[in-house]
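# Tertiary structure, described
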Amino acid sequence: MGSCVKPGPYPSLHRKWLPILLGVLLGALLSKYASADSPGQQPISRFLAPSEDFRLLREVEFNGGAIADVVAADASSLLILAGMPSGFSIFRLGCESGECRKFVSASYLAGLLGANAGVQDWSLRFDPATNLLVLLPRREGRLVVLDTTNAPRLKRYRLGLPAQFRPGAVAFLPGGGLLLSPRFSLPGASRGQMIIFSPEDSSLTPVQVKRSLSTILQLHPVDARHAVALGYFTANDPNASAMLASVGLSDGQVELWQGSSGVRLLAGAGALLGVVRPPATQVIPADRPAPTYELAVLDGNGRVAAGTEVVPIYSDPRALAITDDARYALLLVNREHHFPDLWLINMHSRVKRLVRNDVLFAGLMPGGRGFYLVPARKNTVCFYRLVPGSGRASR
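Residues numbered from 1 in each chain as written. Predicted model: local features only at pLDDT ≥ 70, side-chain atom pairs only at ≥ 80, totals over all residues. Heavy atoms only, no water.

### Looking at the sheet that holds strand β17 (residues 243-248)
Keep this limit in mind: Two strands qualify as a pair provided that DSSP identifies no fewer than 2 bridges between them. Only DSSP runs of H or I reaching four residues or more are called helices, and only runs of E reaching two or more are called strands; each is numbered from the N terminus. Every axis in this analysis is a line fitted to C-alpha atoms, fitted for helices over the stretch in contact. Angles between the N-to-C directions lie between 0 and 180 degrees.
Reading across the sheet, the four strands line up as β15-β16-β17-β18 and stay open at both edges, with antiparallel pairing between neighbours. Strand pairing shows two members of the sheet lacking a second neighbour, β15 (215-221) and β18 (254-256), which therefore form its edges. In this sheet, adjacent strand axes meet at a mean angle of 30° when their direction is disregarded. Direction of pairing for β15 relative to strand β16 (residues 226-232): antiparallel, over a ladder of six bridges. Looking across to β16, one finds that Ile-216 is bridged to Gly-231.

### Here we look at the side chain of Gln-193
Counted only if it meets this: Whenever two N or O atoms come within 3.5 Å, that pair is a polar contact, provided that in protein one can donate a hydrogen and the other can accept it, and provided that, for residues adjacent in sequence, both atoms are side-chain atoms.
Secondary-structure assignment places Gln-193 in strand β13 (residues 192-198). Within the local environment of Gln-193, its side chain forms a polar contact with the side chain of Gln-208, the two groups lying 2.7 Å apart.

### Things to note about the pairing of strand β5 (residues 87-94)
This is how the line gets drawn: Buried residues are those whose accessible area, probed at 1.4 Å on protein chains only, stays under 20% of the maximum for their type, while exposed residues exceed 50% and partly exposed ones sit between those limits.
Extensive coverage of β5 is indicated by the burial of seven of its eight residues. For strand β4 (residues 77-84) and β5, the ladder comprises eight bridges, and the chain directions are antiparallel. Across the sheet, Met-84 pairs through a bridge with Gly-87, a residue of β5. Count of turn residues in the β4/β5 antiparallel hairpin: two residues. Here four bridges tie β5 to strand β6 (residues 100-104), and the two strands are oriented antiparallel to one another. Looking at β6, one finds that Arg-92 is bridged to Arg-101. From the end of β5 to the start of β6, which pair antiparallel, there are five residues, and Gly-98 there has a positive phi angle of about 75°.

### Looking at the environment of Gly-368
The criterion, for reference: Throughout, a residue-residue contact means that at least one pair of heavy atoms, one from each residue, lies within 4.5 Å.
In this structure, Gly-368 sits in the loop between β27 (359-364) and β28 (370-375). Note: C-alpha distance between Gly-368 and Asp-325 (43 residues apart in sequence) is 7.9 Å. Not counting chain neighbours up to four residues away, the residues in contact with Gly-368 comprise Thr-323 and Leu-386.

If you want it as structure tokens, here you go:
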């Protein structure tokens, strides 16, 4: 029976060199698709098939001024805080239609914040479930909370916070309301104080945290009675590291999470938590760099959540978000002398894909169907659709 390919005159050489050539080609292919926190900087952890976990849906040019902050309004639109020489406004931008309309006017914001307020002095928070819009001061200024249910007619809440209270971390409570923590502990207070704001009756409920603390960096309410906080829970200790703690919102009881010292970032998805933390002690091969941090999804007991993996991170992390099902994480990482890079990480397979270099802002759309980003040096907004299952990986 004949063969489709005739053997060459030197079959022994074919047997000798063919495996070597195949190895060289495979190595080049793996290098091309290697997933790393910056090109050529870390070892291959997975090999990606050509298909992706996301696709660019639309890039919209924004003409309403310089973009200062962006938050998701719902599954198909964003709120954009943007400044012009005449003042700054908040716009609503449709992801699929590209339609942009003014949501809060410059004159209204000037009346709220003062004529001398700068657009870079404020950041936005928005809760799609209750339509509460929060303008959080980055430096000095008082917190502004608006009910946008009947926009463009807005309802402003007058919170009446203590004069010395400067809000730091802000989180929306399940079922409505705001959880506020001070930027720093109030002067003269031996314990930290949080405040719960209820929009139903505009009431403020203090939560006396039963532990000395310096400041709380990030908050994630697990339910209406408990929150997980990332902060410094030892006052006046310059050598203290940030760590995680469970805080009772009714009694202020604090339970520190053992082994959580040095956690850098916290992001919540219901009862699950995404954290960027120092890497666990492990043996690193001599030809591979040691990770700077690791990314993990934890359950309520502080254990790695079932079905997820711990992902090594080789750069300085800046911001983190995880989808509601904890399948994907968006991670902004700093790059020396550059704007941050945005990575999409599959927490089930450890696949890491670079979405874009030089990113100013990024976030997830509600419902976990997509995400957005604002590139540096371009006044545009990019919308991406998540495509679960399209990115395949092998160990």
